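What follows is each chain in one-letter form.
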Amino acid sequence: MLTWEEFEKTEMRVGTVLEANDFPEARKPAFQLTIDFGTEIGIRKTSAQITKRYTKEVLVGRQIVAVVNFPKKQIGKFMSECLVLGAVGQEGDVILLAPDFKVENGLRIG
């Protein structure tokens, strides 16, 4: 079981996707995303295996939810700086978590 104090350490924030690019070097199909989390956190990059349900064009401008306080992770030649959150189906397809309405980038999820 996770304690409440442990849960509170996880920083889930809202950000807007600025760029979505192909990631041909990834083992599984993925996009490289550049996400704006507002002035306090800034712009972060990550990769996400979300190609089954999303196109690059649909992702740009979309708000998403991500964990921003995990350590950076090297994925091939790419450095991932946050973890995009989504519901993972049995086939491995991911449905991104997102606010219902446009909100300020960087708002914390609680």
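- Per an unreviewed UniProt entry, the protein goes by tRNA-binding protein and derives from Flavobacterium zepuense.

1. Considering the overall build of the protein
- Looking only at helices and strands, one finds 3 helices and 9 strands in the protein.
- The order of α-helices and β-strands along the protein, N terminus first, is α-β-β-α-β-α-β-β-β-β-β-β.
- On C-alpha atoms alone, the protein measures out to a radius of gyration of 14 Å, which is about the 13 Å that the 2.2 N^0.38 rule sets for 110 residues.
- The buried share among the 110 residues of the protein stands at 36%.
- If you take every contact in the protein between residues at least 6 apart in sequence, the share linking residues at least 24 apart comes to 59%.
- In the structure as shown, the protein presents an accessible area of about 7400 Å², 54% of it carried by carbon and sulfur atoms.
- Here the protein contributes 15 positively and 15 negatively charged side chains, and the mean placements of these two sets differ by 6 Å.

2. Structural notes on the pattern of salt bridges
- Under the counting rule described, the total for this entry stands at 4 salt bridges.
- Between glutamate 11 and arginine 13 there is a salt bridge; the shortest N-O distance is 2.7 Å.
- Classification of glutamate 11 as partly exposed rests on a relative accessible area of 22%.
- Among the ionic pairs, lysine 56 bridges to aspartate 22, the shortest N-O distance being 3.1 Å. One end of the pair, lysine 56, is in helix H3 (residues 56-59); the other, aspartate 22, is in strand S1 (residues 12-22), with 34 residues separating them in the sequence.
- Its relative accessible area of 47% is what places aspartate 22 among the partly exposed residues.
- A single salt-bridge network, built from bridges that share partners, covers Glu11, Arg13 and Glu40.

3. A few points about the layout of surface pockets
- Of the pockets and cavities examined, the largest pocket occupies roughly 670 Å³.
- A breakdown of the residues in the lining of the largest pocket according to their chemical character gives 15 nonpolar, 7 polar and 5 charged.

4. With respect to the packing of aromatic side chains
- Within this structure, the stated rule accounts for 2 aromatic pairs.
- Measuring from centroid to centroid gives 5.4 Å for tryptophan 4 and phenylalanine 7, while their planes differ by 40°, and the two rings are tilted. Residue tryptophan 4 and its partner phenylalanine 7 are both found in helix H1 (residues 4-8); the two are separated by 3 residues, about one turn of the helix.
- Ring geometry for phenylalanine 23 versus phenylalanine 78: centroids 5.5 Å apart, planes at 55°, classification tilted. Residue phenylalanine 23 is found in the loop between S1 and strand S2 (31-36), and its partner phenylalanine 78 is found in strand S6 (residues 78-80); the two are separated by 55 residues along the sequence.

What counts and what doesn't
Residues numbered from 1 in each chain as written. Predicted model: local features only at pLDDT ≥ 70, side-chain atom pairs only at ≥ 80, totals over all residues. Heavy atoms only, no water. Helix = DSSP H or I, 4+ residues; strand = E, 2+ residues; numbered from the N terminus. Rg over C-alpha atoms; globule rule 2.2 N^0.38 Å. Buried < 20%, exposed > 50% of the residue type's maximum accessible area, 1.4 Å probe, protein only. Contact = heavy atoms within 4.5 Å. Areas by Shrake-Rupley, 256 points an atom, 1.4 Å probe, with all protein chains shown as cover. Lys, Arg positive; Asp, Glu negative; His and termini not counted. Charge placed at Lys NZ, Arg CZ, Asp CG, Glu CD. Salt bridge = Lys/Arg side-chain N within 4 Å of Asp/Glu carboxyl O. 1 Å grid on protein atoms, 1.4 Å probe; cavity = no way out; pocket = protein on both sides within 12 Å on 5 of 7 lines; lining within 4 Å. Points joined across faces, edges and corners; volume = space filled by probe spheres on them. Nonpolar A, V, L, I, M, F, W, Y, C, P; charged D, E, K, R; others polar. Phe/Tyr/Trp six-rings, centres within 6.5 Å; stacked < 30°, edge-to-face > 60°.

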